[in-house]
Amino acid sequence: METTTDKKVKNANPKTLHISGAEAVIRCLLAEDANLVYGYPGGAIMPIYDELYKFQDQLHHVLTRHEQGATHAAQGFARTSGKVGVALATSGPGATNLVTGIADAQIDSTPMVCITGQVASHLLGSDAFQETDIIGISTPVTKWNYQITKASEIPEIMAKAFYIARSGRPGPVLIDITKDAQFEQFDFSYEKCTGIRSYQPYPTLSPESLEEALVLIGQAKKPLVVWGQGVILGRAEEEFKAFVEKSGIPAVWTILGLSALPTEHPSNRGMVGMHGNYAPNLLTNECDLLIAVGMRFDDRVTGDLSTYAKQAKVIHLELDPAEVNKNVMADVVLLSDCKVSLQALTDRIQSKTYPKWIQRFDELDAIERKKVIHSDLNPTKPGLTMGEAVGMINKYSKGDAVIVTDVGQHQMVACRYAKFNQSKSNVTSGGLGTMGFALPAAIGAKMGALDREVVAIIGDGGYQMTIQELGTIFQQQIAVKIVVLNNDFLGMVRQWQQLFFDKRYASTEMVNPDFVMIAQGYQIQAKRVSERKDLDQAVQEMMASDKPYFLEICVEKEGNVFPMIPTGASVSDIRLE
């Protein structure tokens, strides 16, 4: 299965060819090194699929079982490969089925180009069969979109699409192409886009702001770094590591920032947010300087904004001006690529240590370990916990696997306990919280990192939202490891119902099918475990397999995830039970 080949493409960038718009789309993809695409055919995009057939030795198309699956697979591919993911769909319902994945990519800053077919241009606005205004629908959830009605527009628009998707703060772009434009012949030539007037994706670092930041860092007694996915998107992992090591400042992460710094690095002090670690959340409201790197102060991180880090000076390292002073006002803004700003800070700061401040972290960590972590990872009660399942995966992955999670309790547990040695290892739906994300995203994640193990950890609820993508795994023989942590509940909603709605479990208990039998129907090796004595061997067998593998782990039905910050509460109100 070739997906990331560097082989030369015949005529991928010819000076002039007289070809159809559909063929031009394929040649544009090849010119952008997008030789792996996910999609689902239909009437309005059939000319492009006809050209795909002709170019199948150069461009690998993965037929997903649903258009939403195509977008999530493209996201997973982008997140592990660092390249632009590509998804194709037809008009009408095909296009609208992309919207959830596009919205997910927008809020999580994932570079993706979606190409949709559209009815012929003379039918636009006539409510023709399978016509929808996908430009209007997708405008709020794309970085840019455009409708092509003339074949001659294709090269320039496709070049812009890839440039916009990957540059600056990445994001999804949608290109809608009418069917007549796909058939139309024109003289084709292609040039990659290297810049667009009025679009400045990389702001220049202000020397004055840098000086102000250095003063605040030099004065701080209890500084704290909170980092997000911007470190990974900016390919600034080494610069970030150098900064925290030289500065001596403890660093904590949002879920999308996870894996930018190895889990076991001494400066890595855990996760912030609703189900984050005890010390990072409490000490956010005790630090005197908060340095935010490539993160956007999401409400799940900040809790009640009126009480969030009010005692601290704030330095915000950010690429996107729209995120500056949006939720938390910064005293100093370093508006720049964080690879540049981190290097500039590291070059100028003095090496320091903060023994009393670090001791405070250690004391709170010990409390959390005693009250929460020990029982999660080493339970004595009969039922299996999600934590021990993740811990067993760590035993055999040794921190080298890509972990793809869906949304819910299992997601929070995996983020808390999974071990990572390298970047681009945590693939999850952060901002949108899309149930159904993990299974198709794991497909793309594996195809973007063929040399790595990819383990999808999924809840029984989210798994069934995109379970049809088992067909894609079967057809493509993608060696992903699928772990369903089954508690027969929509677990996160049930936890809230228990804690805040007097245990009224309204529509959260699941009556589930035989997941093992379903996986076996797709000729995927499958096993179910419900006893602690069987867990080690089952995980070992799964991790040793070189083929797709499904493992259902039946966990305690009413287990909860702690620590927890109640919705709208202060980070200081974090609960351990």
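This is a predicted model, so every value here is computed, not measured.

*Asks:* Hey, could you run me through the packing of aromatic side chains in this one?
*Replies:* One pair of aromatic rings is described through two measures. These are the centre distance and the angle between the planes. The tally for this structure, following the rule as stated, stands at ten aromatic pairs. Between the aromatic rings of F188 and Y190, the centroid separation amounts to 6.4 Å while the plane-to-plane angle is 20°, which identifies the pairing as stacked. Since its relative accessible area comes to 0%, F188 is described here as buried. Exposure remark for Y190: the relative accessible area of 4% places this residue in the buried category. A centroid spacing of 5.3 Å and a plane angle of 85° characterise the contact between W357 and F361, whose relative ring orientation is edge-to-face. Placement of both W357 and F361 in helix α15 (residues 355-377) is noted, with a separation of four residues, approximately one turn of the helix. Like W357, the residue F361 is buried in the burial classification. Members of the aromatic cluster, connected to one another through ring pairs, are F186, F188 and Y190. Over the face of the ring belonging to F489 we find R494, whose NZ or CZ atom lies 5.8 Å from the ring centre.

*Asks:* Explain the environment of N281 here, please?
*Replies:* Summarising the element assignment, N281 is placed in helix α12 (residues 278-284). Accessibility expressed as a relative area gives 1% for N281, which makes it buried. Sequence spacing of N281 and L364 is 83 residues, and the spatial spacing of their C-alpha atoms is 10 Å. Once you skip the residues sitting within four places of it in the chain, N281 turns out to touch M271, V272, G273, G276, I565, V571 and I574. Polar side-chain contacts of N281 include one of 3.0 Å to the backbone oxygen of N277.

*Asks:* Explain the domain arrangement of the protein to me, please; I cannot follow it from the model alone.
*Replies:* It is common to report an interface's size as the accessible area lost on association of the parts. Domain boundaries assigned for the protein yield domain 1 (4-188), domain 2 (207-360) and domain 3 (380-567). Each partner contributes to the interface: domain 1 provides 26 residues, whereas domain 3 provides 27 residues. Here domain 1 packs against domain 3, burying approximately 2000 Å² in sum over the two surfaces, 60% of which is carbon and sulfur. When the buried area of domain 1 at its contact with domain 3 is split by residue, R65, R79 and T80 rank highest and sum to 32% of it.

*Asks:* Is there a simple way to think about the sheet that holds strand β11 (residues 268-271) in this case?
*Replies:* Backbone-to-backbone hydrogen bonds join strands into a sheet, with any given pair of strands oriented parallel or antiparallel. A sheet is described by the order of its strands in space; here six strands give the open sequence β11-β10-β9-β12-β13-β14, paired in parallel fashion. Edge strands, defined here as strands with exactly one partner in the open sheet, are β11 and β14 (332-335). Strand-to-strand twist across the sheet, computed as the mean angle between neighbouring axes with direction ignored, equals 20°. Pairing between strand β13 (residues 313-318) and β14: four bridges, direction parallel. When the bridges of β14 are listed, H316 appears paired with V333. In this fold helix α9 (residues 207-219) packs onto β12 (289-293), β13 and β14, with an angle of close to 130° to the strand it touches most, β14. Here α15 sits on the sheet in contact with β9 (223-227) and β11, set at roughly 45° to β11.

*Asks:* What's the story with the confidence of the model for the protein in this structure? I'm lost.
*Replies:* Do not read the predicted coordinates in detail wherever pLDDT is low. For the protein, mean pLDDT is 96; residues scoring 70 or higher make up 97% of the total. Counting interchain partners and residues more than four positions distant, the pLDDT-below-50 stretch residues 1-12 has 28 contacts.

*Asks:* I would appreciate a short explanation of α9 in the present structure.
*Replies:* For an α-helix, 3.6 residues make a turn, and residues three or four places apart therefore share a direction. Between its first and last C-alpha, α9 extends 19 Å over 13 residues, near the 18 Å set by a 1.5 Å rise per residue. S209, L210, A213, L214, L216 and I217 are the residues of α9 that are buried. Within α9, the buried residues cover an arc of 165° as seen down the axis, which keeps them to one side. In α9, those exposed residues whose orientation departs by more than 90 degrees from the buried face are P207, E208 and Q219. Against the buried residues of α9 lie α11 (237-247), β12, β13, β14 and α14 (338-348).

*Asks:* Just checking my understanding: could you explain unusual backbone geometry for this structure?
*Replies:* The bulk of non-glycine residues show a negative phi, and the bulk of peptide bonds are trans. Residue P563 follows F562 across a cis peptide bond; omega there is 0°. Note that P563 resides in the segment after β20 (549-554). In this structure, Q477 takes a positive phi of about 55° despite not being glycine. By the element assignment, Q477 lies in the loop between α20 (470-476) and β18 (481-486). The exposure class assigned to Q477 is partly exposed, which follows from its relative accessible area of 42%.

*Asks:* What's the story with the sheet that holds β20 in this structure? I'm lost.
*Replies:* Reading across the sheet, the six strands line up as β16-β15-β17-β18-β20-β19 and stay open at both edges, with parallel pairing between neighbours. Looking at the sheet topology across the chains shown, the edges are occupied by β16 (426-427) and β19 (525-529). Summarising the sheet, strand β15 (residues 402-405) and strand β17 (residues 454-459) pair through four bridges and their orientation is parallel. Within the sheet, the bridge partner assigned to I403 lies in β17 and is V455. Contacting β15, β16, β17 and β18, helix α17 (residues 409-417) runs over the sheet at an angle of about 140° to β17.

Rules behind the numbers
- Residues numbered from 1 in each chain as written.
- Predicted model: local features only at pLDDT ≥ 70, side-chain atom pairs only at ≥ 80, totals over all residues.
- Heavy atoms only, no water.
- Phe/Tyr/Trp six-rings, centres within 6.5 Å; stacked < 30°, edge-to-face > 60°.
- Buried < 20%, exposed > 50% of the residue type's maximum accessible area, 1.4 Å probe, protein only.
- Helix = DSSP H or I, 4+ residues; strand = E, 2+ residues; numbered from the N terminus.
- Lys NZ or Arg CZ within 6 Å of the ring centre and 35° of its normal.
- Contact = heavy atoms within 4.5 Å.
- Polar contact = N/O pair within 3.5 Å; in protein donor to acceptor, adjacent residues only side chain to side chain.
- Domains from an automatic or database assignment.
- Buried area = accessible area lost by both parts, 1.4 Å probe.
- Pairing = 2+ DSSP bridges.
- Axes fitted to C-alpha atoms, helices over the stretch in contact; angles between N-to-C directions.
- pLDDT = per-residue confidence, 0-100.
- Expected span 1.5 Å × (residues − 1).
- Arc of directions from axis to C-beta.

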